[in-house]
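Each chain is listed here by its residues.
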Amino acid sequence: MLPSLTVPAGRPLPYRGAPVLNLFMTVDAVGGVWQYGLDLAEELTRQGIGVTLAVLGPEPCQDQLRAARAIRGLALCPLGASLDWTALTPGEVEAAAAMVAREAERAGADLIHLNSPALAALTEFCAPVVAVAHSCVATWWAAMRPGPLPPDLAWRASLAAEGYRRVDALLSPTRAFAEATAATYGIAPPRVVPNGRRKPADRGQRSPAGAAASPFAFTAGRLWDEGKNARTLDRAAARMQLPLLAAGDLKGPNAAQFSPEHLRPLGRLSDQDVARWLAGSPIYASAARYEPFGLGVLEAASAGCALVLSDIPTFRELWDEAAIFIAPEDEAGFAHAIEMVAADPAIRARLGAEARMRAEAFTVEAMTAGVLDVYRAVLEAPPLRAGAPA
């Protein structure tokens, strides 16, 4: 049954009259999980739920910290513990799991939301656990390489598999990734709750009124991540007269790096700076080979940008008939499509309008409603979970 809690004075009752919850959520500041966590936490606090955000991995940048501190009622808990995909040994992940469990109990958590499901494999928590499969090394490897996982990734995949089996509910941002996760790990498909973002106007940025006078192409994300496949866009940029700008880190916390030769790197930009670039109505390109959702594409679509995307299952699921699709390794195809769209204002405007219309389905409010449905189901009738590992 739902925990019996008191509604703090001046705060609204939460979703569908449920009592106030103390939620403990893990995030990291490396990629889209940070923005997912912040958007979800902000909406949850508006629902009357207390949220503690535990930060694993590298310390957030100053603009990230400012965004977190601007959320009224949010408790920020930097842990500095290793991420499962950057840790050198299983022992580092076990230490991170123990730290999360300890801090969750200290925070009086009624529910724990793990954005790193592998943590559930290594400890027992004080409350039911909901986890989100945002990505994993095994599905990444399947998209990027032939053959079996190397030993350094196999133990990480093993922890993820055990974590998936131990949690009370597992979510995925797309049906395609849910099916890939189920097939890879031999589990029931996770429940699909699509990610969401606020519209540009809701984030304090003016929505573009139309196509930019001087078209340009734009991409954003973890440029160092081989799965994002910035190298195809770099080769495409060599074939184009149109500038192709790229926002994002060139070096990752796992020592991966990318050195563009033809893209124009902008470095890591704040959320507000990315929104300002998108307000210029660029043609947004992503040649990702592995992308469980793609918040950068959603942000561009919300701003009314024309989309030129790699032809992979997740992008087809989300943006079919609202984007131009090109094979991920076809740099000539990307160059041709981008320049074709740039040369025709009518096509650019039509694609931008279709992308914006599709993006209206992927709101923070819809995402939060889906997540809250899962929270409520878990708290009302939590399924039995396995005991702590020996």
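See the structure shown above.
Remember, it's a predicted structure, so these values are computed and weren't measured experimentally.

## Overview of the overall build of the chain
Line of reasoning, step 1. Assigned secondary structure in the chain consists of 13 helices and 13 strands.
Line of reasoning, step 2. Within the chain, the fraction of its 390 residues that count as buried is 56%.
Line of reasoning, step 3. Carbon and sulfur atoms make up 53% of the accessible area of the chain, which totals about 16,200 Å².

## A few points about the environment of Val193
Line of reasoning, step 1. Within the secondary structure layout, Val193 lies in the loop between strand E7 (191-192) and strand E8 (217-220).
Line of reasoning, step 2. Counting along the chain gives 176 residues from Val193 to Ala369, while the straight-line C-alpha distance between them is 9.1 Å.

## Some words on the sheet that holds E7
Line of reasoning, step 1. Taking strand neighbours across the sheet as the criterion, the 7 strands line up as E3-E2-E1-E4-E5-E6-E7 in an open arrangement whose pairing is parallel. A strand with exactly one partner marks an edge of an open sheet, and here the two such strands are strand E3 (74-78) and E7.
Line of reasoning, step 2. In this structure, strand E5 (residues 129-132) lies alongside strand E6 (residues 169-172), joined through 3 bridges in parallel fashion. In the sheet register, Ala131 faces E6, and the bridge partner there is Leu170.
Line of reasoning, step 3. Sheet strands touched by helix H13 (residues 364-380): strand E1 (22-28), strand E4 (111-114), E5, E6 and E7. Its angle to E4, the strand with the most contacts, is close to 135°.

## Re the pattern of salt bridges
Line of reasoning, step 1. Summed over all chains, the structure comprises 24 salt bridges.
Line of reasoning, step 2. Taking the shortest distance from any N to any O, the salt bridge between Glu226 and Arg145 comes out at 2.8 Å. Here Glu226 is found in the loop between E8 and helix H7 (230-237), whereas its partner Arg145 is found in the loop between helix H4 (137-144) and helix H5 (151-166), with 81 residues between them in sequence.
Line of reasoning, step 3. Taking the relative accessible area as the measure of exposure, Arg145 reaches 31% and is therefore partly exposed.

## As for helix H12 (residues 345-359)
Line of reasoning, step 1. Here H12 contains 15 residues, and its C-alpha end-to-end distance of 21 Å stays within 8% of the 21 Å for a straight helix at 1.5 Å per residue.
Line of reasoning, step 2. Every buried residue of H12 is listed here: Arg348, Leu351, Gly352, Ala355 and Ala359. Taken down its axis, H12 places every buried residue within 100° of arc, on the same side. Counted as exposed and oriented over 90 degrees from the buried face of H12: Ala346 and Met357.
Line of reasoning, step 3. Buried-residue contacts for H12 involve strand E11 (283-286), helix H9 (295-302), strand E12 (306-310), helix H10 (313-319), strand E13 (324-326) and helix H11 (331-343).
Line of reasoning, step 4. Sitting at the amino-terminal end of H12 is Asp344, which places a side-chain oxygen 3.0 Å from the backbone nitrogen of Ala346.

## Some remarks on the nonpolar core
Line of reasoning, step 1. Among the nonpolar cores identified, the biggest contains 48 residues, and Val100, Ile112, Leu114, Leu119, Phe125, Tyr164 and Tyr185 are the most heavily contacted of them.
Line of reasoning, step 2. Those elements that provide at least two residues to this core are strand E2 (50-56), helix H3 (90-106), E4, E5, H4, H5 and helix H6 (175-185).

## Let's talk about the packing of aromatic side chains
Line of reasoning, step 1. For the structure shown, the criterion picks out 8 aromatic pairs.
Line of reasoning, step 2. Between the aromatic rings of Trp85 and Trp224, the centroid separation amounts to 6.1 Å while the plane-to-plane angle is 15°, which identifies the pairing as stacked. With Trp85 in the loop between E3 and H3 and Trp224 in the loop between E8 and H7, this pair connects stretches of sequence that are 139 residues apart.
Line of reasoning, step 3. Between Phe216 and Trp277, the aromatic rings sit 5.9 Å apart at their centres with planes inclined by 70°, giving edge-to-face as the arrangement. Of this pair, Phe216 sits in the loop between E7 and E8 while Trp277 sits in helix H8 (residues 271-278); the two residues are 61 residues apart in sequence, bridging distant segments of the chain.
Line of reasoning, step 4. The class of Trp277 is partly exposed, set by a relative accessible area of 33%.
Line of reasoning, step 5. Here a set of aromatic residues connected by ring pairs shows up, and it is made of Phe216, Phe218, Trp277 and Tyr284.
Line of reasoning, step 6. Across from the ring centre of Phe325, 4.1 Å away, lies the NZ or CZ of Arg316, which sits over that ring.

## Some points on unusual backbone geometry
Line of reasoning, step 1. We note that Asn229 has phi near 60°; this positive angle belongs to a residue other than glycine.
Line of reasoning, step 2. As for its placement among the helices and strands, Asn229 is situated in the loop between E8 and H7.
Line of reasoning, step 3. Not every positive phi belongs to a glycine, and Ala255 is a case in point at roughly 75°.
Line of reasoning, step 4. Along the chain, Ala255 falls in the loop between strand E9 (244-247) and strand E10 (264-267).

## As for the pairing of E1
Line of reasoning, step 1. Within E1, 6 of the 7 residues are buried, leaving the element largely enclosed by the surrounding structure.
Line of reasoning, step 2. Bridge analysis of E1 against E2 gives 7 bridges, and the strand direction is parallel. Note on E2: the bridge partner recorded for Phe24 is Thr52.
Line of reasoning, step 3. Remark: the E1/helix H1 (residues 32-46)/E2 crossover connection has right-handed handedness.

Procedures and definitions
- Each chain carries its own residue numbering, running from 1 in the direction its sequence is written.
- For this predicted model, a pLDDT threshold of at least 70 governs which residues receive local features, and a threshold of 80 or more governs which side-chain atom pairs are given and counted, while totals over whole chains, interfaces and linings are taken from all residues.
- The side-chain values count all of the structure's non-hydrogen atoms but skip hydrogen atoms and water molecules.
- Per the convention used, a helix needs a DSSP run of H or I reaching at least four residues, while a strand needs a run of E reaching at least two, with both numbered from the N terminus.
- Burial here depends on accessible area, computed with a 1.4 Å probe over protein chains only, as a share of the maximum for the residue type. Under 20% is buried, over 50% is exposed, and the range in between is partly exposed.
- All accessibility values rest on the Shrake-Rupley procedure with a 1.4 Å probe; residue burial counts only the protein chains present in the view.
- Whether two strands pair comes down to DSSP finding at least two bridges between them.
- We call two residues in contact whenever any of their non-hydrogen atoms come within 4.5 Å of each other.
- Think of each axis as a best-fit line through the C-alpha atoms, taken over the contacting stretch in the case of a helix, with angles from 0 to 180 degrees between the N-to-C directions.
- A pairing counts as a salt bridge when a side-chain nitrogen of Lys or Arg comes within 4 Å of a carboxyl oxygen of Asp or Glu.
- A helix is expected to reach a length of 1.5 Å times the quantity of its residues less one.
- The arc under discussion is defined with respect to the helix axis, by the directions toward the C-beta atoms.
- In the analysis that follows, any N or O atom pair within 3.5 Å is treated as a polar contact, provided that within protein one partner can donate a hydrogen and the other can accept it, and provided that, for residues neighboring in sequence, both atoms belong to side chains.
- By convention a nonpolar core is built from buried Ala, Val, Leu, Ile, Met, Phe, Trp, Tyr and Cys residues, the set being connected through side-chain atoms within 4.5 Å.
- Ring pairs shown here join Phe, Tyr and Trp side chains whose ring centres sit within 6.5 Å, with only the six-membered ring taken for Trp; geometry is labelled stacked below 30 degrees between planes, edge-to-face above 60, and tilted in between.
- Charge over a ring is defined by NZ of Lys or CZ of Arg lying within 6 Å of the ring centre and within 35 degrees of the ring normal.
- Crossovers are described as right-handed under a simple rule: with the strands pointing away from the observer, the path leading from the first strand over the helix to the second runs clockwise.

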